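Chain and residue survey
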Amino acid sequence: MRVLIVGDEGFIGSRIKQVLQDKGILIAGFDKEKGQDLRDWDLVKNTISSFEPDYVVHCAANLNNDTFSCMSNNIIGSTHLFEACSRFGVKKLINFSSAAVYGNSVLPVHELSHRRPINIYGWSKLCVENLLYQYLGKLNFVNLRLSNVYGIGGKGIINKVIVCGKHNKILTLYNNGQSIRDFIFVEDIIKIVMMSINDFEGKNLVGTFNLSTGNETTIIDLIDETNKIFRFNVETELGQTLPEIEYSCLNNSKILKATDMEFTNLKEGLELLKKQSI
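Residues numbered from 1 in each chain as written. Predicted model: local features only at pLDDT ≥ 70, side-chain atom pairs only at ≥ 80, totals over all residues. Heavy atoms only, no water.

By size, the foremost hydrophobic cluster in this structure holds 32 residues, and its most contacted members are V3, I16, L20, F96, L144, I189 and L211. Elements supplying a minimum of two residues to this core: β1 (2-6), α1 (11-22), β3 (55-58), β4 (92-98), β5 (141-146), α6 (186-196) and β10 (207-211). Broken down by element, the residue count for this core peaks at 7 residues, all from α6. Residues in contact with V3, not counting those within four places in the same chain, are L20, I25, L26, I27, A28, F51, Y55, V57 and I197. Ranked by size, the runner-up nonpolar core spans 21 residues in total, among them V6, A28, L131 and F141. (Core = buried A, V, L, I, M, F, W, Y, C linked by side-chain atoms within 4.5 Å. Buried < 20%, exposed > 50% of the residue type's maximum accessible area, 1.4 Å probe, protein only. Helix = DSSP H or I, 4+ residues; strand = E, 2+ residues; numbered from the N terminus. Contact = heavy atoms within 4.5 Å.)

What follows is the structure, encoded as structure tokens:
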């Protein structure tokens, strides 16, 4: 079996790479950190045709707030990848999308909920999803909408709290810390990826799935829980009000019905993260 990981130097991609390597799977990586650009059609085409992957995991994304940079990287790059996968007989593409495609939807959000992104990143991911569905019948794929991911090497709010706690820094809160989020441990995402690769778990997942615990947590409550488990006393200060998503919690019933997955709750995940951080 051959697996190509697009974004293999990133937070999630590097973890997937490590797990696959530990299983003795032949892998190749493609990442902008190595000077590889998905917008280069010839490079993408030659990478797929020469390596001949059975599976492609697409976890690369540009989170830049600059409209041109975000849209060109995410949309043009994904177009090239999907087309190459379709042309050269890839068995399955595993595409990482985001809860950002929903914007502020009525909670909890299921896969058919209205999608109203409020930022350019969310719009770019929604465009990529719509593009992916143009390949129905030409390319076997699973589209995974991730909630807020945390773990070793992450850059989200949980990791920021930990950094502040370790270095006695003050954490700036936006929107009064009352925004609602749904956090998922990175190791749970790895398990779903492994299930999505047919040869491992026999779970032929296809279509779109929310990946989340389905549990609502305010940022303030998250900080309190992190302080308790890590024995920190992170102080906070209020920053400006930003146009961010206020309510984000994904319904995970579809993925639970399709698999025997048991997601790690926030307390368990933080305790595991603490052990990994030591």
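A word on the packing of aromatic side chains. Going through the model one piece at a time under the given rule, you end up with 4 aromatic pairs. For the pair F82 and Y135, a centre-to-centre distance of 6.3 Å together with 75° between the ring planes defines the contact as edge-to-face. Taken together, the residues span a long stretch of sequence, with F82 in helix α3 (residues 67-87) and Y135 in the loop between α4 (120-132) and β5 at a distance of 53 residues. Note on accessibility: F82 and Y135 belong to one class, buried. A ring pair is formed by Y150 and F185, whose centres lie 5.3 Å apart and whose planes are at 40°; its orientation type is tilted. Of this pair, Y150 sits in strand β6 (residues 148-150) while F185 sits in strand β9 (residues 183-185); the two residues are 35 residues apart in sequence, bridging distant segments of the chain. In this pair, the class of Y150 matches that of F185, namely buried. In this structure, R2 is placed above the aromatic ring of F51, and the distance from its NZ or CZ to the ring centre is 5.4 Å. (Phe/Tyr/Trp six-rings, centres within 6.5 Å; stacked < 30°, edge-to-face > 60°. Lys NZ or Arg CZ within 6 Å of the ring centre and 35° of its normal.)

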